[in-house]
Amino acid sequence: MTRVLVVEDDLQLVRALVIDKQARHHGVDAAPDGATAVRLAATRQPHRFEN
Amino acid sequence: MARGKLRIYLGAAPGVGKTYAMLSEAHRRVERGTDCVVAFVEHHARPRTEVMLHGLEQIPRKELAYRETTFTEMDVDAVLARRPQVALVDELAHTNIPGSRNDKRWQDVEELLEAGIDVISTVNIQHLESLGDVVESITGVRQKETLPDEVVRRADQVELVDMSPEALRRRMAHGNIYKPDKVDAALSNYFRPGNLTALRELALLWVADRVDEYLTEYRSEHHVSAIWGSRERIVVGLTGGPEGRTLIRRAARLAEKGAGGEVLAVYIARSDGLSSASPKELAVQRTLVEDLGGTFHHVVGDDIPAALLDFARGVNATQIVLGVSRRKSWQYVFGPGVGATVARESGPDLDVHLITHDEAGKGRGLPVARGARLGRARMIWGWLVGLGGPALLTLLLSTAALDVGLANDVLLFLTVTVAAALLGGLLPALASAAVGSLLLNWFFTPPVHTWTIADPKNIVAIAVFFGVAVSVASVVDLAARRTHQAARLRAESEILSFLAGSVLRGETSLDALLERVRETFAMESAALLERENDTAPWTCAGNVGRGPVVERPEDADVDVPVGDHMALALSGRVLPAEDRRVLAAFAAQAAVVLDRQRLQSEADQAKELAEGNRIRTALLAAVSHDLRTPLAGIKASVSSLRSDDVEWSEEDRAELLEAIEEGADRLDHLVGNLLDMSRLQTGTVAPLIREVDLDEVVPMALVGIPDHDSVVVLDVPETLPMVAVDKGLLERAVANVVENAVKYSRVGEPVAVSASALAERVEVRVVDRGPGVPDEAKDRIFEPFQRYGDAPRGAGVGLGLAVARGFAEAMGGTLTAEDTPGGGLTMVLTLPAARSHASVPAELPATARS
């Protein structure tokens with residue numbers, strides 16, 4: 001399964017993206033800012049980044 | 001039974017600490033062994049006051065029911081029965097609930113005093129009956145609960161509890177006086193700094209027993225519309241001597257008394273005479289006057305008293321300040337001093353103050369005759385002495401049979417000639433010399449009574465006498481002329497240095513410069529004319545003074561050209577040619593100032609364009625980010641829904657559709673704000689004013705806010721008067737303000753929206769308990785594209801508050817930011833009440849009575 005990290009601060013956009021990714025059976029993590037993104041990237045090691 | 005003593009703590013406003021002071025005193029008295037009880041003290045939930053009640057015996061209050069509510073009042077019987085030495089009774093002006101024994105609490109206190117109990121009480125200055133009018137005009141509120149003045153005057157001691165307005169406002173801001181939900185329009189108005197200062201002054205004056213004075217002054221200020229009568233205008237006459245500084249300071253102190261006044265210092269330079277001013281001293285005095293808030297004027301005139309009075313009348317002065325003359329007493333032989341003359345000629349409308357100073361009576365060198373070009377009086381004296389002197393001398397010497405010898409005779413005649421030279425100049429002295437030598441020959445040279453001279457030595461004597469007399473006469477005459485020249489040049493250089501100084505000081509207004517020229521030379525009008533080329537007509541670039549503007553420089557009394565295309569034209573009288581040098585300097589300066597003015601306006605225009613640019617750039621930045629984000633959201637959702645490779649569950653579909661709608665709403669909202677902003681900036685907002693009920697509009701405005709039921713608490717009473725506003729603009733303004741408040745308030749602390757009325761305005765207050773905004777930023781937050789501090793994530797181009805304020809002002813209202821007591825920001829939207837309904841009777845709410 002592909003893991004995707006979504007880096008976006010706008011809540012609605014995040015929601016739309018998360019729903020989309022989940023429907024395609026990807027694992028999704030969402031980060032609202034750069035610091036969290038770096039942290040999640042290190043721990044969860046996604047395959048793709050979308051922002 | 002001896003009557004008890006009444007001690008009152010008087011304060012200017014609620015919250016200064018009267019009750020606290022009263023309770024402190026009670027504690028001290030109890031420590032000293034006095035029997036002290038609390039008959040009635042209201043702490044208004046102020047914690048520090050409440051704490052003070054512990055440790056004091058409290059007499060239980062009486063409960064009374066009135067209109068289905070239970071109130072408590074002081075139980076007078078219980079206090080009388082208890083019979084303490086001292087009773088504490090708060091709020092002397094309080095009106096008792098109907099059903100109590102007495103109407104007013106002060107009557108209850110009277111009973112206690114009659115029974116021999118000492119009473120300590122508290123009163124606010126606004127409760128005094130006689131001050132009702134004054135207090136109403138200060139605060140805008142008519143005090144209903146009043147106390148007859150004698151009740152307080154009869155008190156044995158009135159102690160003023162004073163607190164500076166700033167300290168009081170800080171207490172208010174910290175929530176130490178009233179809780180935020182109690183603060184409404186009337187209270188906020190009451191606690192304005194201007195109000196508090198005025199009330200404090202009133203309290204201080206009352207305690208000092210000077211209210212009558214204050215009231216008279218206040219009433220006369222209130223009814224006199226023209227500024228002239230009540231304000232003093234003080235003219236200080238300066239001679240340029242060091243005593244000028246004393247005079248200036250004295251005049252400034254005079255100006256501060258009463259309703260305040262203006263100080264105009266005038267230095268009168270002779271156009272053709274000796275002057276004793278040093279330019280440096282004048283410069284110092286000029287700076288002193290300007291530092292004290294006055295103005296310095298430089299006038300040229302020959303007759304000092306006349307010039308001074310002319311100036312004073314011209315500026316409608318009410319007082320003139322002069323220094324006592326520096327002449328020694330013997331110098332008065334030459335005439336009364338300037339002070340005496342001015343005082344004599346001033347008339348009934350001008351008061352003349354002669355101020356003593358250290359320099360008085362120390363003399364100032366040679367007495368200055370009027371015009372060093374010898375005046376008429378001197379000429380007449382000169383001739384008299386020149387012709388009559390020798391005659392008298394002859395008479396004296398021959399009849400008195402004094403034989404002093406020819407040598408001495410000659411010397412005596414020489415003395416007369418010298419005197420004639422000193423007084424009258426060359427011609428009387430020459431005449432005197434001629435007459436003297438003839439008389440000497442006839443009467444005193446042997447053989448006497450003949451024209452022949454026997455002894456050749458005597459011929460020499462008379463010849464020498466004649467020679468010396470002529471020389472002395474010439475020298476005196478030359479000296480007089482040189483002195484005149486020097487004085488003239490000195491006066492000129494004074495004016496020029498003064499002009500240069502004004503340039504450096506930056507008096508850049510052309511009109512001010514023209515006014516200076518006009519004033520200095522006492523002309524009626526001054527104008528700067530220019531034309532584009534040799535054949536074009538003249539136009540006026542600046543004009544001051546009375547009288548019509550001259551068409552061409554040639555038509556004016558004095559015309560000073562500057563280059564080919566500009567000229568300074570003065571009208572009023574013809575000036576001597578000697579003044580043209582100075583005028584040329586003024587004219588050149590005027591040309592420079594005009595240039596500078598034009599450059600300045602160009603610079604201002606450029607700045608405006610730059611500002612417009614800045615807004616456009618900010619707009620572009622805003623549009624590019626904040627509009628694209630909802631678009632991105634919509635696009636993402638739509639793309640997802642349309643993609644064929646995924647099966648969407650009902651929930652997901654619904655969520656994505658919701659996201660699309662929300663995104664579209666946000667776009668709509670943002671674009672709406674942008675459009676509104678541009679309409680406001682181009683001035684095309686045309687409000688449709690109708691009478692509207694606030695309790696209908698405000699809930700509508702909140703509809704667009706998510707979860708508004710839980711994050712916003714509404715308190716808009718139905719009894720409010722209707723407001724005259726545009727419904728749509730109001731909804732928008734309220735919605736923007738509330739949104740902003742919700743954005744910054746913390747979870748669990750809802751935003752409170754309340755409304756109240758005061759006189760002809762209705763206030764809507766949106767109170768949040770968030771981080772608040774410091775005073776310096778309070779105006780900045782209303783600027784477009786401004787996001788104060790770290791904006792929370794989400795919507796907002798930074799236009800909401802700017803639009804809200806723009807709309808509020810377009811409807812004739814205001815939108816301001818205040819601090820919430822205890823922390824946070826309160827937005828106050830003031831709207832005009834509809835005229836057809838009677839305005840709410842402005843009365844201070846119950847909470848403000850203490």
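This one's a predicted model, so the numbers in the text were calculated from it and none came from an experiment.

Details of the interface of chain A and chain B
Okay, step 1: Contacts between the two partners involve 11 residues from chain A and, on the opposite side, 18 residues from chain B.
Okay, step 2: For the pair chain A and chain B, the summed buried area comes to about 1,300 Å², and 56% of that belongs to carbon and sulfur atoms.
Okay, step 3: Put simply, chain A and chain B have three salt bridges between them.
Okay, step 4: Arg 15 of chain A is the salt-bridge partner of Glu 655 of chain B, the closest N and O atoms lying 3.9 Å from each other.
Okay, step 5: Counting across the interface, chain A meets chain B through three residue pairs in polar contact (both at pLDDT 80 or more).

A look at the packing of aromatic side chains
Okay, step 1: Within the structure shown, the criterion is met by zero aromatic pairs over all chains.
Okay, step 2: Positioned over the ring face of Phe 40 of chain B is Arg 61 of chain B, at 4.1 Å from the centre of the ring.

Considering the packing of helix α14 (residues 304-314) of chain B against helix α15 (residues 338-345) of chain B
Packed helix pairs are specified by the crossing angle of their axes together with the interaxial distance, meaning the distance between the axes.
Residues and elements named next belong to chain B.
Okay, step 1: Where α14 contacts α15, the two axes come as close as 9 Å, and the packing angle between them is 45°. When the axis of α14 is compared with that of α15, the two are oblique. The two elements α14 and α15 meet at a crossing, and its hand is right-handed. Residues Ile 304, Pro 305, Leu 308, Leu 309 and Arg 313 of α14 form the contact with α15, whose own contacting residues are Val 338, Thr 341, Val 342 and Glu 345.

Notes on the confidence of the model for chain B
Residues and elements named next belong to chain B.
Okay, step 1: Predicted confidence across chain B gives a mean pLDDT of 80, with 88% of residues reaching 70 or more.
Okay, step 2: A low-confidence stretch, residues 224-230 stays under pLDDT 50, and its non-local contacts, those more than four residues away or across chains, total three contacts.
Okay, step 3: Counting interchain partners and residues more than four positions distant, the pLDDT-below-50 stretch residues 838-850 has 37 contacts.

What about the pairing of strand β4 (residues 62-66) of chain B?
Residue and element names in this part refer to chain B.
Okay, step 1: When β4 meets strand β5 (residues 69-73), the two strands line up antiparallel, connected through five bridges. Counted as the bridge partner of Lys 62 is Glu 73 from β5.
Okay, step 2: In textbook terms, the turn of a hairpin is the stretch between consecutive antiparallel strands, and for β4 and β5 this stretch comprises two residues, one of which, Arg 67, has a positive phi near 50°.

Section: the sheet that holds strand β1 (residues 6-11) of chain B
Residues and elements named next belong to chain B.
Okay, step 1: Strand order in the open sheet formed by six strands is β3-β2-β6-β7-β1-β8, with parallel pairing between adjacent strands. Two strands in the sheet have a free side with no partner beyond their single neighbour: β3 (57-58) and β8 (157-161).
Okay, step 2: When strand β2 (residues 36-40) meets strand β6 (residues 86-89), the two strands line up parallel, connected through four bridges. Bridged to Cys 36 within β6 is Val 86.

Things to note about the sheet that holds strand β15 (residues 539-545) of chain B
The strands making up a sheet associate through hydrogen bonds between their backbones, and the pairing can be parallel or antiparallel.
Residues and elements named next belong to chain B.
Okay, step 1: Strand order in the open sheet formed by four strands is β15-β14-β17-β16, with antiparallel pairing between adjacent strands. Looking at the sheet topology across the chains shown, the edges are occupied by β15 and β16 (558-562). Ignoring which end each strand starts from, the neighbouring axes of this sheet average 15° apart.
Okay, step 2: In this structure, strand β14 (residues 525-530) lies alongside β15, joined through six bridges in antiparallel fashion. Residue pairing in the sheet places Leu 529 in a bridge with Cys 540 of β15.

Description of the packing of helix α17 (residues 406-424) of chain B against helix α18 (residues 426-444) of chain B
Residues and elements named next belong to chain B.
Okay, step 1: Direction vectors running N to C along α17 and α18 enclose 160°, while the axes themselves pass 8 Å from each other. By the angle class used here, α17 and α18 are roughly antiparallel. For α17 against α18, the interelement crossing comes out right-handed. Of the residues in α18, those in contact with Leu 406, Asp 409, Val 410, Phe 413, Val 416, Thr 417, Ala 420, Ala 421 and Gly 424 of α17 are Leu 426, Pro 428, Ala 429, Ser 432, Ala 433, Gly 436, Leu 439, Leu 440 and Phe 444.
Okay, step 2: Class assignment of the residues belonging to the contact of α17 with α18 gives a composition of 13 nonpolar, four polar and one charged.

Thresholds, definitions, all that
- Residues numbered from 1 in each chain as written.
- Chains lettered and ligands numbered in written order.
- Predicted model: local features only at pLDDT ≥ 70, side-chain atom pairs only at ≥ 80, totals over all residues.
- Heavy atoms only, no water.
- Contact = heavy atoms within 4.5 Å.
- Buried area = accessible area lost by both parts, 1.4 Å probe.
- Salt bridge = Lys/Arg side-chain N within 4 Å of Asp/Glu carboxyl O.
- Polar contact = N/O pair within 3.5 Å; in protein donor to acceptor, adjacent residues only side chain to side chain.
- Phe/Tyr/Trp six-rings, centres within 6.5 Å; stacked < 30°, edge-to-face > 60°.
- Lys NZ or Arg CZ within 6 Å of the ring centre and 35° of its normal.
- Axes fitted to C-alpha atoms, helices over the stretch in contact; angles between N-to-C directions.
- Helix = DSSP H or I, 4+ residues; strand = E, 2+ residues; numbered from the N terminus.
- Parallel < 35°, antiparallel > 145°, perpendicular 65-115°, else oblique.
- Left-handed = near helix turned anticlockwise from the far one by under 90°.
- pLDDT = per-residue confidence, 0-100.
- Pairing = 2+ DSSP bridges.
- Nonpolar A, V, L, I, M, F, W, Y, C, P; charged D, E, K, R; others polar.

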